[in-house]
Amino acid sequence: MKRYFLRLILLLQLANSNAQETLITNVEGRRNISLNGTWHYIIDTYETGFYDYRFKERKETDNGAYWNRNTPKSKSDLIEHQYSDKSSINVPGDWNSQDRQFLHYEGTVWYQRDFDKPQMQNNDEVYLYFGAVNYEAHVYLNGKKLGTHKGGFTPFNFKIPKELLLEKDNFLVVKVDNKRHADEIPTLNTDWWNYGGITRDVKLVIVPETFISQYTIQLDQHQDISESIRKKTFQVSGWIKLNQATNSKAVVEIPELKFRKEIDAKSDSIFFSSALKNIQLWSPENPKLYNVKFTFGNEIISEKIGFRKIEVSGKKILLNGQEIFLRGISIHEEIPQQIRRAHSLDDAKQLLGWAKELGCNMVRLAHYPHNENMTRLADEMGLLVWSEIPVYWTIDFTNPEVLKKAKKQLDEMIERDRNKASIIIWSVGNETPVSEARTTFMSTLVKRAKSRDDSRLISAALEVSGEGNLNKIDDPLGAFADIVSCNEYLGWYRGLPNDCETAKWETIYDKPLFFSETGADAKAGFHADKLTRFSEEYQQWYFEEQIAMMKRMPDNYVGISPWILADFRSPKRNNPEYQELWNRKGLISDEGVKKKAFFVLQDYYKSIISDDN
Ligand code: GCB
């Protein structure tokens, strides 16, 4: 009964999320046309294309509005802006890395390209889909506004009204603004580069008039997984969500498992459940994915999906009923050798390949949802994933509007990736300073994440309190999390690495304890004695001491994701000798060279693997 009640709540919530344009998930697995490539741009520091000279938003038909095609009809016409091949930029990609003039730019840039109407049947609809735009996007087609979106790391889409779509030369314009604001998420202050632009794929997605916008299929969370493994029979459940109610049938199939189920698709959200035999469960050792097909109308959506159960049992994390230790690494979405945001599958292969080389079975994708290539590849490579929203440091916890923005980003993160077996943890934020307002804010997010998806663990990276050599984990937010995670820098921001030898650790929570960060800066190639800051030897020493300390942690210690895989850009790091706008805590340098500490952590992970065998 309780289970059905929970499902009902979930379906009601899905229906509610309809108010805004519903996110279409798995666009890769549908008919789509890429709008990636070369776009035109205009830098618009004063937002002249948006506001008139009285600083009022321009009228839709205003020739001075940068969303309108501005072609002179005669040589006497006054033209003060135009898109031109002289100013071209690649999409996807941040603007900062594409031209010197953009390196520190924060403001508005207009993007423009043309496209032709895709081939489609009469009743088909076309949606315009953006993987991510940092931060605020206003999207216009043929002079009409399709919509706006805020949030730099999550996808969104707009339906293109039929009457607006031309056979040829549709004039698509996106106003992109990456200015930071106190009431946005993230806020003014972050320790990473504020890369602007259309940073992820843009696509036209072609769907039938009535279509499945979102779906899920996974192991039913309420089964005793050890029992299911023993009986080789698993309860699998899921739902489909249609863009509108109808009276038809949908089909879910997993050919390899000889599973085929017809579902009555009468309402817009439909729940289904079945017992399936002989599923090979997904795990880092065997990242088995099944080809799953959802058919509705003339659309067949396919996705490779893995089945696994993640849960907490007392002080431990269990994957498929077995205790698991998380050998992790934190990663920013950046390719350091090219000083740019990562976005492609090749980029994901580089980053996750490095993590594998390090001996990881887990990655913390910090501090915002990374592009979908990362989570899709993690599914294939068998890397467990922590995925996070950029509720970072001192955001405005007392402002209900800010909470709404956080909820929206949380929903978009979960919706995009809910079928990825690799994702085991949703994190609602990082190092938020303890106060009543912030705990209310953050615990609201924890509860929301749970209500949206009860099949994963919810956490947030917390800070450590305590005095002298006592380190305490007692942040009140820990009470709401499934696993208590904390960032600690003993030996870098406080004391020296050998302070780890006498450090005592206490936690008031009888829950799994995860170290979501620890690290020290080192400039690759700078060698000195171990007491010299920024030397590779200091960082090596730091990791040796930290690892020795970790081995003495209380028995609820379930894993670690040190800070960080590779050096990354940060406007806050101004040591002219060693940093030069780089956070140097990478185990790999900005040139892709492994520092000494890389091998210290690698040895630790090797020793854990051999202990397990
Ligand atoms: C932290 C933050 C991370 C920073 C890191 C550092 O605690 O979570 O975003 O980059 O420390 O290097 O100070």
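A brief structural summary. Throughout, residues of each chain are indexed from 1 in the direction in which the sequence is written. Residues qualify for local features only when their pLDDT is at least 70, as the model is predicted, and side-chain atom pairs are given and counted only at 80 or more; totals for whole chains, interfaces and linings, by contrast, use all residues. By convention in this description, side-chain values take in all heavy atoms of the structure and omit both hydrogens and water.

**Topic: helix α7 (residues 536-550)**
Then comes step 1: Helix and strand definitions follow DSSP, with helices as H or I runs of at least four residues and strands as E runs of at least two, each counted in order from the N terminus. To estimate the expected span of a helix, count its residues, drop one, and scale the result by 1.5 Å. Helix length check: α7 (15 residues) gives 21 Å between terminal C-alpha atoms against 21 Å at 1.5 Å per residue, within 8%.
Then comes step 2: Three labels apply to residues, based on accessible area from a 1.4 Å probe with only protein chains included: buried if under 20% of the type maximum, exposed if over 50%, partly exposed otherwise in between. Within α7, the full set of buried residues consists of E536, E537, Y538, Q539, W541, Y542, F543, E545, Q546, I547, M549 and M550.

**Quick notes on the environment of T439**
Then comes step 1: Within the element layout of this structure, T439 appears in helix α6 (residues 436-452).
Then comes step 2: On a C-alpha basis, the gap between T439 and H138 in space is 33 Å, while along the polypeptide they are 301 residues apart.
Then comes step 3: Pairs of residues are marked as contacts when any of their non-hydrogen atoms sit within 4.5 Å. When neighbours within four sequence positions are excluded, T439 is seen to be in contact with P476, L477 and F480.

**Some remarks on the sheet that holds strand β11 (residues 212-219)**
Then comes step 1: A pair of strands is considered paired only if DSSP assigns at least 2 bridges between the two. The strand order β11-β12-β15 describes an open sheet built from three strands, whose pairing is antiparallel. With partners counted over all chains shown, the strands left at the sheet margins are β11 and β15 (269-277), one partner each. Ignoring strand direction, the axes of neighbouring strands in this sheet form an average angle of 15 degrees.
Then comes step 2: Pairing between β11 and strand β12 (residues 233-242): seven bridges, direction antiparallel. Counterpart to Q214 in the pairing with β12 is K241. For helices, the fitted axis covers only the stretch in contact; all axes are lines through C-alpha atoms, and the angles between them, taken along N-to-C directions, range from 0 to 180 degrees.

**Things to note about unusual backbone geometry**
Then comes step 1: The omega angle of the peptide bond from V91 to P92 is 0 degrees, so this bond is cis rather than trans.
Then comes step 2: Each neighbour pair has its own omega, and for A366 with H367 the value is -15 degrees, a cis peptide bond.
Then comes step 3: With respect to the secondary-structure elements, H367 resides in the loop between β24 (362-365) and α4 (372-381).
Then comes step 4: With a phi angle near 50 degrees, N320 is a residue other than glycine that sits in the positive phi range.
Then comes step 5: Along the chain, the position of N320 falls in the loop between β19 (316-319) and β20 (322-323).
Then comes step 6: Take N320: its relative accessible area is 9%, and that puts it in the buried class.
Then comes step 7: Residue W393 is not a glycine yet carries a positive backbone phi of 55 degrees.
Then comes step 8: As for its placement among the helices and strands, W393 is situated in the loop between β25 (384-388) and α5 (400-417).

**Quick notes on the packing of α7 against helix α8 (residues 596-612)**
Then comes step 1: Two elements in contact, α7 and α8, have axes separated by 8 Å at closest approach and are oriented at 20 degrees. What the angle tells us is that α7 and α8 run roughly parallel. The element α7 and its partner α8 pack so that their crossing is right-handed. Two secondary-structure elements touch here, α7 through E536, E537, Q539, Q540, F543, E544, I547 and M550 and α8 through K596, A597, V600, L601 and Y604.
Then comes step 2: Three classes are used: nonpolar for Ala, Val, Leu, Ile, Met, Phe, Trp, Tyr, Cys and Pro, charged for Asp, Glu, Lys and Arg, and polar for all others, with Gly counted as polar. Grouping the constituent residues of the contact of α7 with α8 by class yields seven nonpolar, two polar and four charged. Our angle categories are set so that under 35 degrees counts as roughly parallel, over 145 as roughly antiparallel, 65 to 115 as roughly perpendicular, and the remainder as oblique. Left-handed describes a crossing in which the near helix is turned anticlockwise from the far one by less than a right angle; the clockwise case is right-handed.

**Some thoughts on the nonpolar core**
Soluble globular proteins tend to pack their nonpolar side chains together in the buried interior.
Then comes step 1: Only buried residues count toward a nonpolar core, which is a set of Ala, Val, Leu, Ile, Met, Phe, Trp, Tyr and Cys residues joined through side-chain atoms within 4.5 Å. Formed by 87 residues in total, the largest nonpolar core has its most connected members in I329, I331, V391, F441, L445, F515 and Y604.
Then comes step 2: As used throughout, domain bounds are those supplied by an automatic or database domain assignment. Residue assignment places this core across two domains, with domain 2 (31-68 + 83-207) and domain 3 (312-612) each supplying three or more.
Then comes step 3: Contacts of V391, omitting those with residues within four sequence positions, involve I185, F397, A406, V428, G429, N430, T432, F441, M442 and L445.
Then comes step 4: Residues V109, L146, I198 and L204 belong to the second largest nonpolar core, which totals 30 residues.

**With respect to the site of the ligand**
Then comes step 1: What surrounds the ligand is a group of 14 residues, the closest being D191, H367, Y392, E431 and Y493.
Then comes step 2: For the purposes of these results, a polar contact is taken to be a pair of N or O atoms within 3.5 Å, where, inside protein, one atom must be able to donate a hydrogen and its partner to accept one; residues adjacent in sequence count only when each atom of the pair is a side-chain atom. Between the ligand and Y489, the relevant distance is 3.2 Å, taken from an oxygen atom to a side-chain nitrogen or oxygen of the residue.
Then comes step 3: Within the side chain of E517, an N or O atom sits 2.7 Å from an oxygen atom of the ligand.
Then comes step 4: The method behind every accessible area is Shrake-Rupley, applied with a 1.4 Å probe, and residues are considered shielded solely by the protein chains displayed. When isolated, the ligand has an accessible area of 320 Å², and the protein chains bury 97% of it.
Then comes step 5: Class assignment for the residues of the shell around the ligand results in five nonpolar, four polar and five charged. The rule for a residue being near a molecule or strand is that one of its heavy atoms must lie within 4 Å of it.

**Observations concerning the pattern of salt bridges**
Then comes step 1: One side-chain nitrogen of Lys or Arg within 4 Å of one carboxyl oxygen of Asp or Glu is enough to make a salt bridge. Within this structure, the stated rule accounts for 49 salt bridges.
Then comes step 2: In this structure, the salt-bridge partner of D114 is R69, at a minimum N-O distance of 3.8 Å. Taken together, the residues D114 in strand β4 (residues 108-115) and R69 in the loop between β2 (37-43) and β3 (88-91) connect sequence positions 45 residues apart.
Then comes step 3: R452 is the partner of D411 in a salt bridge, and the nearest nitrogen-oxygen pair spans 3.5 Å. Of the two residues, D411 sits in helix α5 while R452 sits in helix α6, which places them 41 residues apart along the sequence. Both residues of the pair, D411 and R452, belong to the buried class.

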